[in-house]
Amino acid sequence: MIQIKCKKCGHYYSVSSKYAGKSVRCKPCGFVIQIPSAEPEKAGCSDSIKAYNQLLEELSHYEKNAPALGLDG
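Here the structure is a predicted model, which means the values were calculated and not measured.

Trainee: Sorry, what's going on with the confidence of the model for the protein chain here?
Mentor: One rule of thumb: low pLDDT means the predicted coordinates there are not for detailed reading. Here the protein chain shows a mean pLDDT of 82. Residues at 70 or above account for 84%. At the level of individual helices and strands, the protein chain shows its lowest average pLDDT in helix α1 (residues 40-64), which scores 76, and its highest in strand β4 (residues 32-34), which scores 93.

Structure (structure tokens):
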């Protein structure tokens, strides 16, 4: 299912993925809504997780290789 929202009146719809890429008319206001070809939340989620994990790995590398601070007094 793809979740869409009318940009004019804010009405929400859940439509089948088989309608991806098509246009529909909002029932309350008549505005034409373009149904996206993929669910934006799911498409970006895995990319965000990959980027987050790469950042964690990079930070871990820098932490391991950081010079010691001579705070022994």
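Trainee: Can you help me understand the pairing of strand β1 (residues 2-5) in this one?
Mentor: For a regular strand, side-chain orientation follows a simple rule: the groups alternate between the two sheet faces. The alternating pattern of β1 places I2 and I4 on a buried face and Q3 and K5 on a face that is not buried. By the bridge criterion, 4 bridges tie β1 to strand β2 (residues 12-15) in an arrangement that is antiparallel. Within β2, the residue paired with I4 across the bridge is Y13. Connecting β1 to the next strand, β2, in antiparallel fashion are 6 residues, including G10 with a positive phi near 85°.

Trainee: I tried to follow a nonpolar patch on the surface on my own but got confused; where do I start?
Mentor: A cluster of nonpolar side chains, Y52, L55, L56 and L59, forms an exposed patch at the surface whose accessible area comes to about 410 Å². Structurally, L56 can be placed in helix α1.

Trainee: Explanation requested: the state of the cysteines in the structure shown.
Mentor: Such a bond, covalent and formed between the sulfur atoms of two cysteines, is termed a disulfide. Enumeration according to the criterion identifies 0 disulfides in this entry. Between C26, a cysteine without a disulfide, and C9, which holds the nearest cysteine sulfur, the sulfur-to-sulfur distance is 3.6 Å. With no disulfide of its own, C29 has C6 as its nearest cysteine by sulfur position, at a separation of 3.6 Å.

Trainee: Help me understand the environment of Q34 in this model?
Mentor: Checked against the element boundaries, Q34 lands in strand β4. From its side chain, Q34 meets the backbone oxygen of G21 in a polar contact 2.8 Å long. Within the structure, the side chain of Q34 is placed 2.9 Å from the side chain of S23, a separation counted as a polar contact.

Trainee: Please explain the nonpolar core as it appears in this structure.
Mentor: Considering soluble globular proteins, one finds that nonpolar side chains tend to be buried as a cluster. Within the largest apolar cluster, 8 residues are counted, these being I2, I4, C6, Y13, V15, C26, I33 and I35. At the level of elements, β1 and β2 are the ones that each hand at least two residues to this core. In this structure V15 touches M1, I2, I4 and I35, once residues within four positions along its chain are discounted.

Calculation notes
- Residues numbered from 1 in each chain as written.
- Predicted model: local features only at pLDDT ≥ 70, side-chain atom pairs only at ≥ 80, totals over all residues.
- Heavy atoms only, no water.
- pLDDT = per-residue confidence, 0-100.
- Helix = DSSP H or I, 4+ residues; strand = E, 2+ residues; numbered from the N terminus.
- Buried < 20%, exposed > 50% of the residue type's maximum accessible area, 1.4 Å probe, protein only.
- Pairing = 2+ DSSP bridges.
- Patch = residues over 30% accessible without salt bridge, like charges linked within 9 Å, V, L, I, M, F, W, Y side chains within 5 Å.
- Areas by Shrake-Rupley, 256 points an atom, 1.4 Å probe, with all protein chains shown as cover.
- Salt bridge = Lys/Arg side-chain N within 4 Å of Asp/Glu carboxyl O.
- Disulfide = S-S within 2.5 Å.
- Polar contact = N/O pair within 3.5 Å; in protein donor to acceptor, adjacent residues only side chain to side chain.
- Core = buried A, V, L, I, M, F, W, Y, C linked by side-chain atoms within 4.5 Å.
- Contact = heavy atoms within 4.5 Å.

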